[in-house]
Amino acid sequence: MNLITEELGLANKFMVEEVTFGSHTLAKLTKQNVAIVEAMIMNDSDYIKSSKKDAGPDNKSNYKGSAAFWFTKLKEMISDKTAEGYSYYKTIKRTIEAVDRENSTHLNADRCGREEIARRIYNFGKDKLIECLKNPEHGDLELFHAIEKKTSAEVRARYNPSFASKFCHYACFYLFEGTEYQDNYSIYDSILRKNLPMYLEYYGIDKKKYDLSKYEEYRKEIDEIRYSADELISRNGFDHLIWYYHKGRM
């Protein structure tokens, strides 16, 4: 057999399994598909550093440090351990900058977003921050709404719901690794919002039941889809699978 033919044949074993629904092709919601996408993300040069906890700042390359690195430092701060060389506020600020860079959420398009949101999170205090992350419904998603609310910029003031969801998501992912709280927040993303109606329809869920412009309802919608699937996958896995599968098909 031709070597190229053999290799391409083997590659088919690692493709995302699909389902056809009317004129649409969807990713099947399975742990196997999530694992395939996670492996692709971990080997993608655009994202390869973001999950590395030891990828700290490097002045030679002007690299500012990964979100994983900064959340690890934040975890040390919250645990009352010494994160050498960093203050609690500075660590929050660097964490925000890393999430913003890696997710292209453009917080500083208004020239004050990063600083203002860092101050909001800092003002929560450590105990309340942890409470809101462990219990998203605390104060009706108080942390999410505090982060997403409109900035005070005189020009280009903006709301930041996508960033708010991503900060909360990755905070839980790294601060509560291996616990029941790690998967508390879904990522609020334009690619997911565009494609969720197809999954709702596929699983027989009323598309008019939820308002996707509201994060509270968006999160509930994702959970209803997850629990309607043949195999339960995590919110994190769902986010990555739908985002990675559909981003190249838009």
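Structural data are supplied above this passage.
In this report, the structure presented in the accompanying data block is examined. (Residues numbered from 1 in each chain as written. Predicted model: local features only at pLDDT ≥ 70, side-chain atom pairs only at ≥ 80, totals over all residues. Heavy atoms only, no water.)

Some thoughts on the packing of aromatic side chains
For clarity, the threshold we go by: Only centres within 6.5 Å qualify two rings of Phe, Tyr or Trp (six-membered ring in Trp) as a pair; their planes then separate them into stacked at under 30 degrees, edge-to-face at over 60, and tilted for everything else. Going along the chain from the N terminus, every DSSP run of H or I of four or more residues is numbered as a helix, and every run of E of two or more is numbered as a strand.
Across all of its chains, the model carries 16 aromatic pairs by this definition. Judged by centre distance (5.6 Å) and plane angle (90°), the rings of Tyr 89 and Tyr 122 are edge-to-face. Here the residue Tyr 89 occupies a position in helix 4 (residues 88-103), and Tyr 122 occupies one in helix 5 (residues 113-124), the gap between them amounting to 33 residues. Ring centres of Phe 173 and Tyr 174 lie 5.1 Å apart, and the angle between their planes is 75°; this geometry places the pair in the edge-to-face category.

A look at the nonpolar core
We count it as follows: What makes a nonpolar core is a set of buried Ala, Val, Leu, Ile, Met, Phe, Trp, Tyr and Cys residues whose side-chain atoms join them at distances within 4.5 Å. Whether a residue is buried, partly exposed or exposed follows from its accessible area with a 1.4 Å probe, protein chains only, as a fraction of its type maximum: under 20%, in between, or over 50%, in that order. What makes two residues a contact is simply this: any of their non-hydrogen atoms within 4.5 Å.
By size, the foremost hydrophobic cluster in this structure holds 71 residues, and its most contacted members are Leu 29, Phe 71, Ile 96, Leu 133, Ile 147 and Phe 238. Element by element, the count of residues in this core is highest for helix 8 (residues 161-175), at nine residues. Excluding its chain neighbours within four sequence positions, the residues that come into contact with Phe 71 are Thr 95, Val 99, Phe 167, Tyr 170, Ala 171, Tyr 174 and Leu 175.

Section: the pattern of salt bridges
Our working rule: Salt bridges are defined by distance alone: a side-chain nitrogen of Lys or Arg within 4 Å of a carboxyl oxygen of Asp or Glu.
Per the counting criterion, the structure on display carries 15 salt bridges. We note a salt bridge from Lys 53 to Glu 177, for which the minimum N-O separation is 2.5 Å. Of this pair, Lys 53 sits in the loop between helix 2 (31-42) and helix 3 (67-78) while Glu 177 sits in the loop between helix 8 and helix 9 (190-202), placing them 124 residues apart in sequence. The salt bridge partner of Arg 120 is Glu 116, with a shortest N-O separation of 2.8 Å. Taken together, the residues span about one helical turn, with Arg 120 and Glu 116 both in helix 5 at a distance of four residues. Taken together, the salt bridges that share partners define one network made up of Lys 93, Arg 94, Glu 97 and Glu 115.

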